[in-house]
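# Chains, contacts and geometry: an overview
Listed below are the residues making up each chain.
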Amino acid sequence: MNAFRLQQLKSHIISERKITTMPGSPSPLTTHVLNTALGVPGSNMTLRLYQQDPSTNLWHLLSTGTTNGDGRCPGLITQQQFKPGVYKLHFETGQYWATMGQTSFYPYVEIVFTITDPDQRFHVPLLVSRFSYSTYRGS
């Protein structure tokens, strides 16, 4: 087992022992990046959340974050900000792989989705390898 994989596994195990709480209510939108090539969380991946303006179709940046040791990025959006509309999660996958000394076919991944009922909770995970990705709507 190479040193990078051991470090990834170690950070994942250690992060699970930590209990973190966020002030206020949890984000109604969550994401989780999983590196399926190595079988570890996609930690330290930069991502951005946008909402599309329905009158101009322009994207407005709502938040920027980096995934933690468990591949999650808490606090993407507050319940008050979360309105019906079209949203986009932009993941910097090329940069993520480059930090590991590898190249990626996808320089970034964008997941565009529609929210019709902002009172629900939405989980939008990204399963990624250097040459493929997949996503689904969780809860």
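It should be emphasised that the depicted structure is a prediction, and the values quoted were computed from it without experimental measurement. (Residues numbered from 1 in each chain as written. Predicted model: local features only at pLDDT ≥ 70, side-chain atom pairs only at ≥ 80, totals over all residues. Heavy atoms only, no water.)

## Examining the packing of aromatic side chains
How we decide: Any two rings among Phe, Tyr and Trp, with Trp reduced to its six-membered ring, count as a pair given centres within 6.5 Å; such a pair is stacked if its planes are under 30 degrees apart, edge-to-face if over 60, and tilted if neither. Categorising residues by exposure relies on relative accessible area from a 1.4 Å probe, with only protein chains included: less than 20% of the type maximum marks a residue as buried, more than 50% marks it as exposed, and the intermediate range marks it as partly exposed. For the purposes of this entry, the term helix denotes a DSSP run of H or I that reaches at least four residues, the term strand denotes a run of E that reaches at least two, and both are numbered from the N terminus. Charge-over-ring placement is defined geometrically: NZ (Lys) or CZ (Arg) within 6 Å of the ring centre, and within 35 degrees of the ring normal.
What the rule picks out here adds up to six aromatic pairs. Arranged with centres 5.5 Å apart and planes meeting at 45°, the rings of Phe-82 and Tyr-87 form a pair that is tilted. Here Phe-82 matches Tyr-87 in class, with each residue buried. For the ring pair Phe-82 and Phe-122, a centre distance of 6.0 Å and an interplane angle of 65° mean the geometry is edge-to-face. Highlighted residues: Phe-82 in the loop between strand S5 (59-66) and strand S6 (85-91) and Phe-122 in strand S8 (residues 122-123), separated in sequence by 40 residues. For the residue pair Phe-82 and Phe-122, the accessibility class agrees, reading buried in each case. Across the ring face of Tyr-50, the terminal group of Lys-88 is positioned such that the distance to the ring centre comes to 5.0 Å.

## Details of the sheet that holds strand S9 (residues 126-128)
Stated formally: Only strands joined by at least two bridges in the DSSP assignment are considered to pair.
Spatially, four strands are ordered S3-S2-S9-S10 in an open sheet, and the strand pairing comes out mixed. The open sheet is flanked by strand S3 (40-41) and strand S10 (133-135), the only strands paired with a single partner.

## Section: the sheet that holds S6
As a reminder of what qualifies: Note on method: axes are straight lines fitted to C-alpha atoms, helices fitted across the in-contact stretch only, with angles between N-to-C directions ranging 0 to 180 degrees.
With respect to topology, four strands assemble into an open sheet ordered S5-S4-S6-S7, the strand pairing being antiparallel. Where the open sheet ends on each side, the last strands, each with one partner, are S5 and strand S7 (109-115). The sheet shows a mean angle of 20° between the axes of neighbouring strands, taken without regard to direction. Judged from the seven bridges that link them, S6 and S7 form a sheet pairing that is antiparallel. Pairing of Phe-91 across the sheet is with Val-109, part of S7.

## Here we look at the pattern of salt bridges
Note the following rule: The term salt bridge refers to a side-chain nitrogen of Lys or Arg lying within 4 Å of a carboxyl oxygen of Asp or Glu.
Under the counting rule described, the total for this entry stands at three salt bridges. Arg-48 is paired through a salt bridge with Glu-92; the nearest N and O atoms lie 2.8 Å apart. Remark: Glu-92 occurs in the loop between S6 and helix H2 (93-98) and Arg-48 occurs in strand S4 (residues 46-52); sequence separation between them is 44 residues. The residue Lys-88 makes a salt bridge to Glu-110 at a minimum N-O spacing of 3.5 Å. Residue Lys-88 is located in strand S6, and its partner Glu-110 is located in strand S7; the two are separated by 22 residues in the primary sequence. The buried category is assigned to Lys-88, whose relative accessible area is 9%. A residue is classified by how much of its surface remains accessible, and Glu-110, at 32% relative accessible area, is partly exposed.

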